[in-house]
Amino acid sequence: MEDKNFFLFKLLSMFRIYGAKTLTMDDIAKEFSISKKTLYQKYKNKEDLIHEVLEFISNEAIEAVKEVQKKYDCPLEVLFVSGSRIDEITCQEKNAFVFQLIKYYPDIFHAHQKSISGKVSVTVKNNYEKGVELGYFRTDVPINLYIKFLISLLFAVDVSPIFEDEKDKFSISVTMKIFYLEAIVTESGRNRFNELKTQYQ
């Protein structure tokens, strides 16, 4: 457990395979060749472990989004490119981990949604402000509310029964981002927007 990132990454893989409820502290201790006592010295219960794994996912993805923002000058393109990393934390393919989180640990799951929503909101708001400076985004919109709409839609892919029959979750999320951009793009930014729609759809 010396390399914490390695530990959390491997633990995430285990949770995805076995589920948040099914995987036990005994299983985790055995996998990492440590005693259960040592594990409990670092984490008082499995809920603590789940929380830390979720924070690890969100922090890794947000850092990746920041790298995209450094690489691309166009705020429209930043949203499309970084969206793939945001998708990793808001609309993952459902697996045992996600199913059991929702069913058995709803408080942890909802706390995670609130936490990552705040982080994503900051990055999307920064992107919007840059787009305004370049004349790509409108200023006469309730952007804080629009960002909440976008994030709520992205999370809905995971938890809403409306999307149960949709298999391609990432294409849905691209469509949602287009839906968001359609609401805020200016006429001067529309040509670039249309180019990117063709490129990323």
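Anything mentioned here points back to the structure above.
Residues numbered from 1 in each chain as written. Predicted model: local features only at pLDDT ≥ 70, side-chain atom pairs only at ≥ 80, totals over all residues. Heavy atoms only, no water.

1. Considerations on the overall build of the chain
When you go through the chain residue by residue, the secondary structure sums to ten helices and zero strands. Each helix and strand of the chain, placed in order from N terminus to C terminus, yields the pattern α-α-α-α-α-α-α-α-α-α. Principal-axis analysis of the C-alpha atoms places the extent of the chain at approximately 60 × 35 × 30 Å. In the chain, 71% of the contacts between residues at least 6 apart in sequence involve partners at least 24 apart. A total of about 10900 Å² of accessible surface is found on the chain, and carbon and sulfur atoms cover 52% of it. (Helix = DSSP H or I, 4+ residues; strand = E, 2+ residues; numbered from the N terminus. Contact = heavy atoms within 4.5 Å. Areas by Shrake-Rupley, 256 points an atom, 1.4 Å probe, with all protein chains shown as cover.)

2. Digging into the side chain of Thr 186
Within the secondary structure, Thr 186 sits in the loop between helix 9 (169-184) and helix 10 (187-200). The buried category is assigned to Thr 186, whose relative accessible area is 16%. A polar contact is formed between the side chain of Thr 186 and the side chain of Ser 188, at a distance of 3.0 Å. Among all residues touching Thr 186, those that are not within four sequence positions of it are Gly 135, Tyr 136, Phe 137 and Arg 138. (Buried < 20%, exposed > 50% of the residue type's maximum accessible area, 1.4 Å probe, protein only. Polar contact = N/O pair within 3.5 Å; in protein donor to acceptor, adjacent residues only side chain to side chain.)

3. Quick word on the packing of helix 8 (residues 143-159) against helix 9
Interhelical geometry of helix 8 versus helix 9 gives an angle of 165° and a closest axis separation of 10 Å. Judged by the angle between their axes, helix 8 and helix 9 are roughly antiparallel. In this structure, the crossing between helix 8 and helix 9 has a hand that is right-handed. Where helix 8 approaches helix 9, its residues Ile 143, Tyr 146, Ile 147, Leu 150, Leu 153, Leu 154 and Val 157 are matched on the opposing element by Lys 169, Ile 172, Ser 173, Met 176, Lys 177, Phe 179, Tyr 180, Ala 183 and Ile 184. Counted by class, the contact of helix 8 with helix 9 contains 13 nonpolar, one polar and two charged residues. (Axes fitted to C-alpha atoms, helices over the stretch in contact; angles between N-to-C directions. Parallel < 35°, antiparallel > 145°, perpendicular 65-115°, else oblique. Left-handed = near helix turned anticlockwise from the far one by under 90°. Nonpolar A, V, L, I, M, F, W, Y, C, P; charged D, E, K, R; others polar.)

4. Side note on the side chain of Ser 82
Inspection of the secondary structure assignment puts Ser 82 in helix 5 (residues 75-90). For Ser 82, a relative accessible area of 2% gives the class buried. A distance of 2.5 Å separates a polar atom in the side chain of Ser 82 from the backbone oxygen of Val 78. If we skip the residues at most four places from it in the chain, Ser 82 touches Val 65 and Val 68.

5. A few points about helix 7 (residues 106-133)
For an α-helix, the turn length of 3.6 residues means that residues three or four places apart are oriented alike. With 28 residues, helix 7 extends 40 Å from end C-alpha to end C-alpha; this agrees with the ideal 40 Å at 1.5 Å per step. Three or more residues of helix 7 are buried, namely Ile 108, Phe 109, His 112, Gln 113, Ile 116, Ser 117, Val 120, Thr 123, Val 124, Asn 127, Tyr 128 and Gly 131. (Expected span 1.5 Å × (residues − 1).)

6. Remarks on the packing of helix 4 (residues 46-71) against helix 7
Contact geometry of helix 4 with helix 7 gives a least axis separation of 10 Å together with a crossing angle of 15°. One finds that helix 4 runs roughly parallel with respect to helix 7. Pair helix 4 / helix 7 crosses with right-handed handedness. Here Glu 47, Ile 50, Leu 54, Glu 55, Ser 58, Asn 59, Ile 62, Val 65 and Gln 69 of helix 4 come into contact with helix 7, specifically with Ile 108, His 112, Ser 115, Ile 116, Lys 119, Val 120 and Thr 123. Looking at the contact of helix 4 with helix 7 residue by residue, the class counts come to seven nonpolar, six polar and three charged.

7. Topic: the pattern of salt bridges
The tally for this structure, following the rule as stated, stands at twelve salt bridges. Of the charged contacts in the structure, one is a salt bridge between Lys 70 and Glu 67, with a shortest N-O distance of 3.4 Å. Of this pair, Lys 70 and Glu 67 are both found in helix 4, three residues apart, which corresponds to roughly one turn of the helix. Among the residues examined, Lys 70 registers a relative accessible area of 64% and is labelled exposed. For Glu 67, a relative accessible area of 46% gives the class partly exposed. Ionic pairing is found between Arg 190 and Glu 182, a salt bridge with its closest N-O pair at 3.1 Å. Looking at Arg 190, the relative accessible area reads 21%, which means it is partly exposed. Several salt bridges converge on common partners, so that one network encompasses Glu 182, Glu 187, Arg 190 and Lys 197. (Salt bridge = Lys/Arg side-chain N within 4 Å of Asp/Glu carboxyl O.)

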